[in-house]
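Architecture and fold: a report
Chain residues, written in single-letter form:
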Amino acid sequence: MDRHKEKQAEKKIKTASSSKGSRKKAGLIVGGGGFIGGSLMHYFKTMQGDAFEVLAPNSKRLSLREPGDIKSYLRIYRPDFIINCAISPLDSGPQLSYQINYLGSINLAKASMALGIPYIHFSSAALLPMGDNVTENDHLPLSTDLHFYPRSKLMAEMTLNHLHENHGLDCTIIRLGVVYGKHDHKIQGFQRLLFSIASQSMMFLLTRPGIRHSYTNTDRIPFFVHHVLRHRSEFSGQTYHFVDQEPVELGGLILAIKEHLQVNTPKQLYVPYPFARLGRSSLKVILRLLRPLGFDGRLPQELMFLDKFYQSQILSVDKLKRSTFGITDGGSCVFTELHDIINYYISRWQLLNLIPLVKKDLLQTSPGTNAFQNNPEDLLSGLHDGKHEYLSDYDSLNR
Ligand SMILES: NC(=O)c1ccc[n+]([C@@H]2O[C@H](COP(=O)([O-])OP(=O)(O)OC[C@H]3O[C@@H](n4cnc5c(N)ncnc54)[C@H](OP(=O)(O)O)[C@@H]3O)[C@@H](O)[C@H]2O)c1
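A few points on the structure. Residue positions are counted from 1 within each chain, in the order its sequence is given. This being a predicted model, a pLDDT of at least 70 is required before a residue's local features are given, and a value of 80 or more before pairs of side-chain atoms are given or counted; all residues contribute to the totals for chains, interfaces and linings. No hydrogens and no water enter the side-chain calculation; it runs on all heavy atoms of the structure.

1. Here we look at the packing of helix H9 (residues 250-261) against helix H12 (residues 334-351)
- Convention adopted: a line fitted to C-alpha atoms gives each axis, helices being fitted over their contacting stretch, and angles between N-to-C directions are expressed from 0 to 180 degrees. Counting from the N terminus, the helices are the DSSP runs of H or I reaching at least four residues and the strands are the DSSP runs of E reaching at least two. Two elements in contact, H9 and H12, have axes separated by 11 Å at closest approach and are oriented at 50°. Our classification of the angle between H9 and H12 gives oblique. With respect to the hand of their crossing, H9 and H12 are arranged in right-handed fashion. In this structure, H9 uses Gly252, Leu253, Ala256, Ile257, His260 and Leu261 to contact H12, whose residues at the interface are Val334, Phe335, Leu338, His339, Ile342, Asn343 and Ile346.
- Here the term charged refers only to Asp, Glu, Lys and Arg, the term nonpolar to Ala, Val, Leu, Ile, Met, Phe, Trp, Tyr, Cys and Pro, and the term polar to all other amino acids, Gly among them. Here the contact of H9 with H12 is built from residues that sort into nine nonpolar, four polar and no charged. Between 65 and 115 degrees an angle is taken as roughly perpendicular, under 35 as roughly parallel, over 145 as roughly antiparallel, and anywhere else as oblique. Take the far helix as your reference; a near helix turned counterclockwise from it by less than a right angle gives a left-handed crossing, and one turned clockwise gives a right-handed crossing. Here a residue-residue contact requires only that any non-hydrogen atoms of the pair lie within 4.5 Å.

Spelled out as structure tokens, the structure:
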């Protein structure tokens, strides 16, 4: 959200929270500019009409690394609930993972406790063991064997549960699987998979036949969050897996994307895990050797979870099914959404010159683009003398 819009929202939220008897709910979404936070913002702002006023300061305004930021922000704005969607980059070192994912999450929870409002926290399947039917009670043991990301997420869950049990924190933890959907501006997780097929950098299948994982549709998350906020007595102090009912076979998904894009790779050849590991280690060495020559390449963050491509992880949805929310996906899954998702990202990445042209029909050009590319002088004089009407008219703002 740009600064002006944010200021307007802040003004309204101050009014909303100060006007007695107002039925408008005020919410603070930390990480509202991210993938999940953006989808929540969209839902509360556009789909809930005037029922909510939502604030989503960016990390420069409210940084979870600065406990003072949280305090000074909440002294001014008094939300009715807080949703934490902030996260450090997956491959962050110990300091950022600990400060943002652990300390930041807990500081927000303590602030919620002080304000006496619900706190919704997003967590991840990364802290869960592999296997079928993984339940909400399961998690990996806390140890230095865990990467910093799952370690910080696990510690946050543990402290949130401790605060609920011992200090009455009103919190719900929502664990997500691999999240798919449009409007993610980073290339990570599901989008990384799509990107490596679209950029034709995946030669063979880095998985085993039959390996399945749980997926989450980003568009469905806000409906669950809204429900959870309306039913605090049921959801307070609870952890839920929020994933599609049916897990997805990784090899099948990769081949479906390949078919949709009509590209030649990856070949339908499954790379055995020891070879995949060897490939990853060799690439690391090559990249390190290239550094003195000025090439600063990095492996995709997801490769730190390479072992997960070779083992199934299926999250149980029994608890969600038994809840008053239930299972509402209506049979939709990543395959039913694939066409839209692929078109969105391919169009975006083609425009950003990140991938070769794989879908020509998705290259939409706004008026003037060709002239901008081939004859900028002509374009500029046409714009100045009014021959081209590519600029919008704002005179109505004057009235
Ligand atoms: N995406 C997935 O596939 C996935 C899967 C499982 C679980 N999850 C969970 O879902 C949640 C949201 O993930 P996401 O994919 O939406 O993340 P994302 O797109 O990477 O967004 C991260 C957000 O965190 C904010 N942020 C970063 N550092 C911050 C700081 N110091 N203070 C305040 N805000 C900060 C960023 O704000 P700025 O841009 O302003 O810096 C950004 O809006 C996380 O808890 C994650 O563990 C995600």
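2. Examining the site of the ligand
- Definition of nearness: a residue and a molecule or strand are near each other if at least one heavy atom of the residue lies within 4 Å of the molecule or strand. With respect to spatial proximity, 24 residues lie near the ligand, and among them Ile36, Ser59, Leu64, Lys153 and Lys186 are the closest.
- Polar contact is defined as a pair of N or O atoms within 3.5 Å, subject to the rule that within protein one atom must be able to donate a hydrogen and the other to accept it, and that residues adjacent in sequence are counted only when both atoms are side-chain atoms. One of the side-chain nitrogen or oxygen atoms of Ser59 is found 2.6 Å away from an oxygen atom of the ligand.
- The contact in question runs from an oxygen atom of the ligand to an N or O atom on the backbone of Val179, over 3.4 Å.
- Per-residue and other accessible areas were derived by the Shrake-Rupley procedure at a 1.4 Å probe size, with only the shown protein chains allowed to occlude residues. In the complex, the protein chains occlude 82% of the 900 Å² of accessible area that the ligand would expose alone.
- Of all elements in the fold, only helix H2 (35-47), strand E4 (119-124) and helix H5 (148-167) reach the threshold of two or more residues within the shell around the ligand.
- A per-element tally of the shell around the ligand places E4 first, with three residues.

3. Thoughts on the packing of aromatic side chains
- Any Phe, Tyr or Trp ring, taking Trp's six-membered ring, that has another such ring centre within 6.5 Å forms a pair; planes under 30 degrees apart are called stacked, those over 60 apart edge-to-face, and the others tilted. For the structure on display, the rule yields 19 aromatic pairs.
- When the ring of Phe52 is compared with that of Phe81, the centres are 6.0 Å apart and the planes differ by 75°; the resulting orientation is edge-to-face. With Phe52 in strand E2 (residues 52-55) and Phe81 in strand E3 (residues 81-84), this residue pair connects regions lying 29 residues apart in the sequence. With respect to burial, Phe52 and Phe81 carry one shared label: buried.
- Between Tyr180 and Tyr215, the ring centres sit 6.4 Å apart and the planes meet at 45°, which makes this aromatic pair tilted. Placement of Tyr180 in strand E7 (residues 178-180) and of Tyr215 in strand E10 (residues 215-217) is noted, with a sequence separation of 35 residues between them.
- Relative accessible area decides the class of each residue, using a 1.4 Å probe on protein chains only: under 20% of the type maximum gives buried, over 50% gives exposed, and in between gives partly exposed. The buried category is assigned to Tyr215, whose relative accessible area is 3%.
- In textbook terms, an aromatic cluster arises when at least three aromatic residues are bridged by ring pairs, as seen for Tyr43, Phe44, Phe52, Phe81 and Phe223.

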